[in-house]
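So you can see what is in the structure, the chains are spelled out below.
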Amino acid sequence: MTANAPTVAPTTAAQPPTTPQVTAPGSATPAHTAVRPSTFGTPWLRSTGDLAWRLVGVLVAVAAVFYVISLVQVVFVALFLALVFTTVLLPLGDFYDRAMPRGLAMAASLLTAVLAVGALVTYVVTSVTSRWEELATEFGTGLTDLAGLVSGVPVLADLGGPEQWLADGGAWLQANAGDYAGTAAESAGTIGEGATAVVLAIFCTVFFLTQGGAMWRWALGFVPAERHDRWEAAALAGWNAFSGFTRGMFFVALADGVIAGIFLSVVGVPLALPLSVVVFLGAFVPMIGPVAAIVVSVLVALAAKGPVLALVVLIGMVVVAQIDANVLQPLITGKQVSLHPVVMALVVAAGSVLGGLLGAVVAVPLTGVAWAVFSTLRATAPAAPAAPGEAAGAAQGAPSADEAD
């Protein structure tokens, strides 16, 4: 080894030979790439976790909406009633629009509805008050007959007669007078809030009828222009579902009133026509309305014809209520909102648990609107853009203009 011999620097460990990456024709990425190991769990576990987080986000958003509604419940009730009034009055306003200006036509439709409801209520009140003395006398006779039947039952014999019932009822009212005073004060506050909601609903209905289109175009201005068509289609689907449900409820209530009127006339209950009007009006209030109509009908039957006919009326009115809940509503209102009867029953139960009577009233129409909007947006969703490799491959595989010639 000489002095002029070159010195070789130490090198690191020998690197393994690398294989050249072969790129497939027409592809922007290598054909053979190393597969990265999964960072956590199997693919199904990762997809399930992503879905769970999305569901949590949806539930948080829904809970926030319910919380805000609970803070402004009167405003929500007024807006819901205004939309109901608008769906009912809009066809009538369009009919009046053929012979008068638009604003005057909508005002005439609102006045027609107020007069119609007032006439129905006035008819029921005057029909009852005109026969009040006769009904009071017959009601005392009915209680006496009922006491005779009760005294014949060994277990119920200790209840006494009508005089004992009235005395016990008076003593019970005196003992609970303080509680009922507080309840009456709370009811007065609730009635005041209800009156405020109705007045606000009528005020909003006037503007919905006369300027609804302009209000919607103003709201649509906050959406990007390229998405206007999708939002227009979704809003139309939601409006059709809501208006169809509302008008379906009107026909269901009308059918209930007609069936109840025919039944009460056949069995010989007096005031059959006013009672059918009570059934018609009560059908618009879920749970409470039908029960109140049944109670009033049974009391009139008890006062007029005695306990036997009252029992017959009770059974018949319960059958009418079952026809309403299990036949008419699934066939008419369920078809309008495209919801299965089982889904409707579950939605009403969930609404009543979360929001009481108000939740039971608004559960089905709001669920139908949400489903209609979701279905429309999903059906009109824009196509996903193609991957870069697929786009390049499609561009390379497509014949040019000269080749096509």
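Now for a quick tour of the structure. (Residues numbered from 1 in each chain as written. Predicted model: local features only at pLDDT ≥ 70, side-chain atom pairs only at ≥ 80, totals over all residues. Heavy atoms only, no water.)

All right, on to the overall build of the protein then. A count of helices and strands for the protein gives 13 helices and zero strands. Reading the secondary structure of the protein in the N-to-C direction produces α-α-α-α-α-α-α-α-α-α-α-α-α. Taken over 405 residues, the protein has a buried fraction of 24%. Of the accessible surface of the protein, which amounts to about 26400 Å², a share of 72% is contributed by carbon and sulfur atoms. (Helix = DSSP H or I, 4+ residues; strand = E, 2+ residues; numbered from the N terminus. Buried < 20%, exposed > 50% of the residue type's maximum accessible area, 1.4 Å probe, protein only. Areas by Shrake-Rupley, 256 points an atom, 1.4 Å probe, with all protein chains shown as cover.)

Residues Tyr 67, Val 68, Leu 71, Val 72, Val 75, Val 198, Leu 200, Ile 202, Phe 203, Val 206, Phe 207 and Met 215 make up a contiguous nonpolar surface patch of roughly 1000 Å² in combined accessible area. At the level of elements, α1 (43-71) and α6 (177-220) are the ones that each hand at least two residues to the nonpolar patch. Take the nonpolar patch: its biggest share by element is seven residues, from α6. Tracing the backbone shows Val 75 in helix α2 (residues 73-96). (Patch = residues over 30% accessible without salt bridge, like charges linked within 9 Å, V, L, I, M, F, W, Y side chains within 5 Å. Salt bridge = Lys/Arg side-chain N within 4 Å of Asp/Glu carboxyl O.)

A complete count under the given rule lists one cavity of 30 Å³ or more for this structure. Size it by volume and the largest cavity reaches roughly 100 Å³. Every residue lining the largest cavity is listed: Asp 256, Val 279, Gly 282, Ala 283, Pro 290, Ala 293, Ile 294, Met 317, Val 320, Ala 321 and Asp 324. Elements with a minimum of two residues in the lining of the largest cavity: α8 (272-282), α9 (288-305) and α10 (307-337). Looking at the lining of the largest cavity, the element that brings in the most residues is α10, giving four residues. Its residues placed into classes, the lining of the largest cavity shows eight nonpolar, one polar and two charged. (1 Å grid on protein atoms, 1.4 Å probe; cavity = no way out; pocket = protein on both sides within 12 Å on 5 of 7 lines; lining within 4 Å. Points joined across faces, edges and corners; volume = space filled by probe spheres on them. Nonpolar A, V, L, I, M, F, W, Y, C, P; charged D, E, K, R; others polar.)

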